[in-house]
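# Structure at a glance
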Amino acid sequence: MIIQEKIKKEAEGYGKLAPAFIEGDEFALNNQWISVNERLPPEEKDGLSIKVLVVSTKGKIDFSRYDYNMKGWISPVLDIIFTHWFLIPEPPKE
């Protein structure tokens, strides 16, 4: 059973609140730090990834892009190693 099926099954016990339960779980699943070993950010036309938040082995959080042509992260610090990235959400429309 995939995670979405488990979520829907669990939500059945919440009655009228089931849609909110499912929406909250979907938000949580879609907004997690992603390991660079699992996958890299989506590539744009110019060979760079979209700008994302990254976390380093030293625990520092910053903005960066992955350069698919150079096969490395763009960073002003040469010895920094990024372990996870997070897609920056769209800003509010209002």
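Residues numbered from 1 in each chain as written. Predicted model: local features only at pLDDT ≥ 70, side-chain atom pairs only at ≥ 80, totals over all residues. Heavy atoms only, no water.

What follows concerns the sheet that holds strand S6 (residues 82-87). Strand order in this open sheet of four strands is S1-S6-S2-S3, and the pairing throughout is antiparallel. Of all strands in the sheet, those bounded by a partner on one side alone are strand S1 (34-35) and strand S3 (61-64). (Pairing = 2+ DSSP bridges. Helix = DSSP H or I, 4+ residues; strand = E, 2+ residues; numbered from the N terminus.)

So, about the pattern of salt bridges. According to the stated counting rule, one finds three salt bridges in the structure shown. For Glu44, the salt bridge identified is with Arg65, shortest N-O distance 3.1 Å. One end of the pair, Glu44, is in the loop between S1 and strand S2 (52-56); the other, Arg65, is in the loop between S3 and strand S4 (66-67), with 21 residues separating them in the sequence. With relative accessibility at 34%, the residue Glu44 sits in the partly exposed group. Given the relative accessible area of 26%, Arg65 is considered partly exposed. A salt bridge links Asp62 to Lys60, with the nearest nitrogen and oxygen atoms 3.7 Å apart. (Salt bridge = Lys/Arg side-chain N within 4 Å of Asp/Glu carboxyl O. Buried < 20%, exposed > 50% of the residue type's maximum accessible area, 1.4 Å probe, protein only.)

Let us look at the pairing of S2. With four of five residues buried, S2 lies mostly within the body of the structure. Examined bridge by bridge, S2 and S3 share four bridges and lie antiparallel to one another. Residue pairing for S3: Val52 is matched across the bridge by Ser64. As consecutive antiparallel partners, S2 and S3 are separated by four residues, and within that stretch Gly59 has a phi angle of approximately 85°, a positive value.

Another aspect to go through is the packing of aromatic side chains. Applying the stated criterion across every chain, the model contains five aromatic pairs. When the ring of Trp33 is compared with that of Phe86, the centres are 5.4 Å apart and the planes differ by 50°; the resulting orientation is tilted. Of this pair, Trp33 sits in the loop between helix H2 (18-30) and S1 while Phe86 is found in strand S6, placing the two residues 53 residues apart along the sequence. A residue is classified by how much of its surface remains accessible, and Phe86, at 17% relative accessible area, is buried. Summarising the aromatic geometry, the rings of Tyr66 and Trp73 are spaced 5.3 Å apart at their centres and angled 80° between planes, so their arrangement reads as edge-to-face. Exposure remark for Trp73: the relative accessible area of 21% places this residue in the partly exposed category. Through a chain of ring-to-ring contacts, the aromatic side chains of Tyr66, Tyr68, Trp73 and Phe82 assemble into a single cluster. (Phe/Tyr/Trp six-rings, centres within 6.5 Å; stacked < 30°, edge-to-face > 60°.)

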